[in-house]
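# Overview (structure and organization)
Each chain is listed here by its residues.
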Amino acid sequence: MPVEPLSPQEIDERLTELPGWSLEDGRLTRIYRLGSHFAATALVVHVAQVQEELDHHSDLTLGYNTVSLAVHTHSAGGAVTAKDVELARRVEDLAAGHGAH
Ligand SMILES: C[C@H](O)[C@H](O)[C@H]1CNC2=NC(N)=NC(=O)C2=N1
């Protein structure tokens, strides 16, 4: 079943429950900071596991001690959808356990 784009108001509502996340260039984005490059790398691997589980994938960028995500839904023409929000929530749940902030 195709996933529908969220309206700008729906995106704003969902962002209130996702501290640190914002809409940048039409994508849900967040930058996490970690204590070391190795800790950041471990978070990337964990996020990749969740993305495979959800079959939904962000642009995931590893820096020295940062991990950046930007996600929209390709199959919805690049719109932000509930799938993007679900991925953001799942990543929020696991990031704290990695000491990400
Ligand atoms: C075939 C596979 O289910 C699709 O290509 C999935 C994979 N991951 C995806 N990720 C994102 N962000 N958007 C998609 O539309 C998408 N589609």
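In this report, we go over the structure that sits alongside the text. Values in this document were obtained by computation on a predicted structure and should not be read as measured data.

### Brief notes about the sheet that holds strand E1 (residues 22-24)
The sheet built from four strands is open, its strands ordered E1-E2-E4-E3 with antiparallel pairing. Each edge of the open sheet carries a strand with a single partner, namely E1 and strand E3 (59-62). Adjacent strand axes in the sheet meet at a mean angle of 30 degrees when their direction is disregarded. Sheet analysis places strand E2 (residues 27-33) next to strand E4 (residues 66-71), joined by six bridges and oriented antiparallel. Among the inter-strand pairings, Thr29 is bridged to a residue of E4, identified as Ala70.

### Observations concerning unusual backbone geometry
Not every positive phi belongs to a glycine, and Asp25 is a case in point at roughly 50 degrees. The class of Asp25 is exposed, set by 7 C-beta atoms lying within 10 Å. Phi is positive for Asp55, close to 50 degrees, though the residue is something other than glycine.

### Quick notes on the pairing of E3
Consecutive side chains of a regular strand alternate in pointing toward one face of the sheet and then the other. Pairing between E3 and E4: four bridges, direction antiparallel. In the sheet register, Thr61 faces E4, and the bridge partner there is Ser68. In this antiparallel pair of consecutive strands, E3 and E4, the connection spans three residues.

### Observations regarding helix H2 (residues 37-54)
An ideal rise of 1.5 Å per residue puts 26 Å on 18 residues; H2 measures up with 26 Å between its terminal C-alpha atoms. Contacts from the buried residues of H2 go to E2, E3, E4 and helix H3 (82-95). Asp55, located one to two residues past H2, shows a positive phi value of around 50 degrees.

### Some thoughts on the site of the ligand
Taken together, Asp55, His56, His57, Val71, Thr73, His74 and Ser75 form the complete shell of residues around the ligand. Of the residues belonging to the shell around the ligand, the class tally is one nonpolar, five polar and one charged.

### Quick look at the nonpolar core
Ranked by size, the top nonpolar core spans 18 residues in total, and within it Tyr32, Leu34, Leu43, Ala88 and Val91 carry the most contacts. Elements with a minimum of two residues in this core: E2, H2, E4 and H3. No other element matches the five residues that H3 contributes to this core. Other than its neighbours up to four places away in sequence, Leu34 contacts Ala39, Ala40, Leu43, Asn65, Val67, His98, Gly99 and Ala100.

### Regarding the packing of H2 against H3
Their axes nearest at 10 Å, the elements H2 and H3 cross at an angle of 145 degrees. Of the two elements, H2 crosses H3, and the hand of that crossing is right-handed. Contacts from Leu43, His46, Val47, Val50, Gln51 and Leu54 of H2 reach H3 at Glu86, Leu87, Arg90, Val91, Leu94 and Ala95.

Thresholds applied
- Residues numbered from 1 in each chain as written.
- Predicted model: local features only at pLDDT ≥ 70, side-chain atom pairs only at ≥ 80, totals over all residues.
- Pairing = 2+ DSSP bridges.
- Helix = DSSP H or I, 4+ residues; strand = E, 2+ residues; numbered from the N terminus.
- Axes fitted to C-alpha atoms, helices over the stretch in contact; angles between N-to-C directions.
- Buried ≥ 20, exposed ≤ 12 C-beta atoms within 10 Å, placed from the backbone.
- Expected span 1.5 Å × (residues − 1).
- Contact = placed C-beta atoms within 7 Å.
- Near = placed C-beta within 6 Å.
- Nonpolar A, V, L, I, M, F, W, Y, C, P; charged D, E, K, R; others polar.
- Core = buried A, V, L, I, M, F, W, Y, C linked by C-beta atoms within 7 Å.
- Left-handed = near helix turned anticlockwise from the far one by under 90°.

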